[in-house]
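Results of the structural survey
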Amino acid sequence: MDRKDPMTRTVLVLNGPNLNLLGQREPAVYGSTTLADVEALCRHSAQALGLSADCRQSNHEGVLIDAIHEAGREHAAGRLVGVVFNAGAYTHTSVALHDAIKGSAVPVVEVHISNVHAREPFRHHSYLSPAAAGVIVGLGIDGYRLAIDALARRAG
Ligand code: CA2
């Protein structure tokens with residue numbers, strides 16, 4: 001049963017490729033928190049702001065593009081405050097995700113758990129940042145909470 005109040009606005013928390021592996025490998029880079037823990041944190045943070053969090057993860061670029069398009073329609077209808085988006089490695093490769101964010105006109109806060117600028121040079125460029133409302137990098141999973149807070153404030 002869907003218990004969500006139809007008046008409750010939503011924030012979409014979208015995680016991209018390999019983020020389903022969080023907490024299972026590379027704890028020195030990404031910490032030991034799992035994706036389920038991150039999603040629980042997001043739901044809790046959203047709820048504290050009177051929002052509902054819709055948490056999704058996909059390893060497929062087209063699925064992420066479709067989710068951004070859907071978010072654009074929900075935002076236009078006043079039901080969605082925006083998207084917290086960790087696009088994983090697609091950040092550094094995807095013109096298609098850049099175009100999806102631009103084309104859907106939904107506010108997106110780009111989040112990276114690690115400080116991508118302190119890592120390999122191929123992680124220093126983001127195709128998403130020019131299309132994003134804001135960018136949070138290197139603050140660990142707390143970045144998701146900060147992004148939800150920023151989108152809630154932005155929406156008023
Ligand atoms: O720091 C981030 O949040 C990243 O978006 C994570 C991506 C990486 O490609 C970006 O450059 C920065 C990687 C996703 C997670 O990959 C994992 C691989 C093994 C174990 C755990 C996570």
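A brief structural summary. As the structure is a computational prediction, the values presented were derived from the model and not from experiment. (Residues numbered from 1 in each chain as written. Predicted model: local features only at pLDDT ≥ 70, side-chain atom pairs only at ≥ 80, totals over all residues. Heavy atoms only, no water.)

**Some remarks on the overall build of the protein**
In plain terms, the rule: Counting from the N terminus, the helices are the DSSP runs of H or I reaching at least four residues and the strands are the DSSP runs of E reaching at least two. Here the globule rule is a power law, 2.2 Å times the number of residues to the power 0.38, and the radius of gyration is based on C-alpha atoms. The cut-offs for exposure are 20% and 50% of the maximum accessible area for each residue type, with area from a 1.4 Å probe on protein chains only; residues under the lower value are buried, those over the upper are exposed, and the others partly exposed. Note on definitions: a residue-residue contact is assigned when non-hydrogen atoms from the two residues lie within 4.5 Å. All accessible-area figures derive from a Shrake-Rupley calculation using a 1.4 Å probe, and residue coverage is judged against the displayed protein chains alone.
Assigned secondary structure in the protein consists of five helices and five strands. Across the protein, helices and strands are ordered from the amino to the carboxyl terminus as β-α-α-β-α-β-α-β-β-α. Its C-alpha radius of gyration of 15 Å places the protein within 12% of the 15 Å reference for a compact globule of 156 residues. If one aligns the C-alpha atoms of the protein with their principal axes, the spans along those axes are about 45 × 30 × 25 Å. When the 156 residues of the protein are sorted by exposure, 44% land in the buried category. Sequence separation of 24 or more characterises 77% of the internal contacts of the protein that already satisfy a separation of 6 or more. Here the protein has roughly 7900 Å² of accessible surface; of this, 52% comes from carbon and sulfur atoms.

**Side note on the state of the cysteines**
Note on terminology: a disulfide is the covalent bond linking the sulfur atoms of two cysteines. What counts, and what does not: When the sulfur atoms of two cysteines come within 2.5 Å, that pair is taken as a disulfide.
On inspection of all chains with the given rule, the structure shows zero disulfides. There is no disulfide at C42, and the cysteine sulfur nearest it, in C55, is 5.2 Å away. Residue C55 is classed as buried on the basis of its relative accessible area of 15%.

**As for the pattern of salt bridges**
In plain terms, the rule: Here, a salt bridge means any Lys or Arg side-chain nitrogen found within 4 Å of an Asp or Glu carboxyl oxygen.
With the rule as written, the count across this model stands at seven salt bridges. We note a salt bridge from R123 to E120, for which the minimum N-O separation is 2.7 Å. A salt bridge links D149 to R153, with the shortest nitrogen-to-oxygen separation between them at 3.3 Å. Note that D149 and R153 are positioned in helix α5 (residues 142–155) at a spacing of four residues, about one turn of the helix. Each member of the salt-bridge network shares a partner with another, and the members are D54, R56 and E70.

**Quick notes on the pairing of strand β3 (residues 80–86)**
Put simply, the test is: In this scheme, strands are said to pair when DSSP sees at least two bridges between them.
Of all seven residues in β3, seven are buried; the element is thus mostly enclosed. Looking at chain direction, strand β1 (residues 10–15) and β3 are connected through six bridges and run parallel. When the sheet's bridge partners are listed, V11 is paired in β3 with G82. As judged from the three bridges shared by β3 and strand β4 (residues 108–112), these two strands associate in the parallel manner. Opposite V83, over in β4, you have V108 as the bridge partner.

**Structural notes on α5**
Test applied: Helix span, as expected, comes to 1.5 Å for every residue beyond the first.
Taking 1.5 Å as the rise per residue, α5 with 14 residues should run 20 Å; its terminal C-alpha atoms sit 20 Å apart, in good agreement. The complete set of buried residues in α5 reads G143, Y144, A147, I148, L151 and A152. Tucked inside the fold, the buried residues of α5 contact β1, α2 (35–48), β3, β4 and β5 (134–137). One or two residues past the end of α5 sits G156, with phi positive at roughly 80°.

**Quick notes on the nonpolar core**
Rules: We call a set of buried Ala, Val, Leu, Ile, Met, Phe, Trp, Tyr and Cys residues a nonpolar core when their side-chain atoms join them within 4.5 Å.
Judged by nonpolar contacts, the single largest core of 21 residues is most densely connected at V11, V13, C42, V84, V111, Y144 and I148. Broken down by secondary-structure element, the contributors of at least two residues to this core are β1, α2, β2 (52–57), β3, β4 and α5. By residue number, the principal contributor to this core is α5, which donates five residues. Filtering out sequence-adjacent residues up to four positions away, V11 remains in contact with A46, S52, A53, D54, L80, V81, G82, V84, I148 and L151. Formed by 19 residues, the second largest nonpolar core is a distinct cluster that contains L12, L64, I65 and L97.

**Structural notes on the site of the ligand**
Applied cut-off: Throughout this document, a residue counts as near a molecule or strand when at least one of its heavy atoms sits within 4 Å of that molecule or strand. Two N or O atoms count as a polar contact when they lie within 3.5 Å, although within protein this holds only if one can serve as hydrogen donor and the other as acceptor, and sequence-adjacent residues are included solely when both atoms are side-chain atoms. Amino acids are sorted into nonpolar (Ala, Val, Leu, Ile, Met, Phe, Trp, Tyr, Cys and Pro), charged (Asp, Glu, Lys and Arg) and polar (every other residue, Gly among them).
What surrounds the ligand is a group of 16 residues, the closest being N86, H92, I113, S114 and R123. The side chain of N86 places a nitrogen or oxygen atom 2.8 Å from an oxygen atom of the ligand. Contact distances for the ligand include 2.9 Å between an oxygen atom and a side-chain N or O atom of H112. Class assignment for the residues of the shell around the ligand results in seven nonpolar, six polar and three charged.

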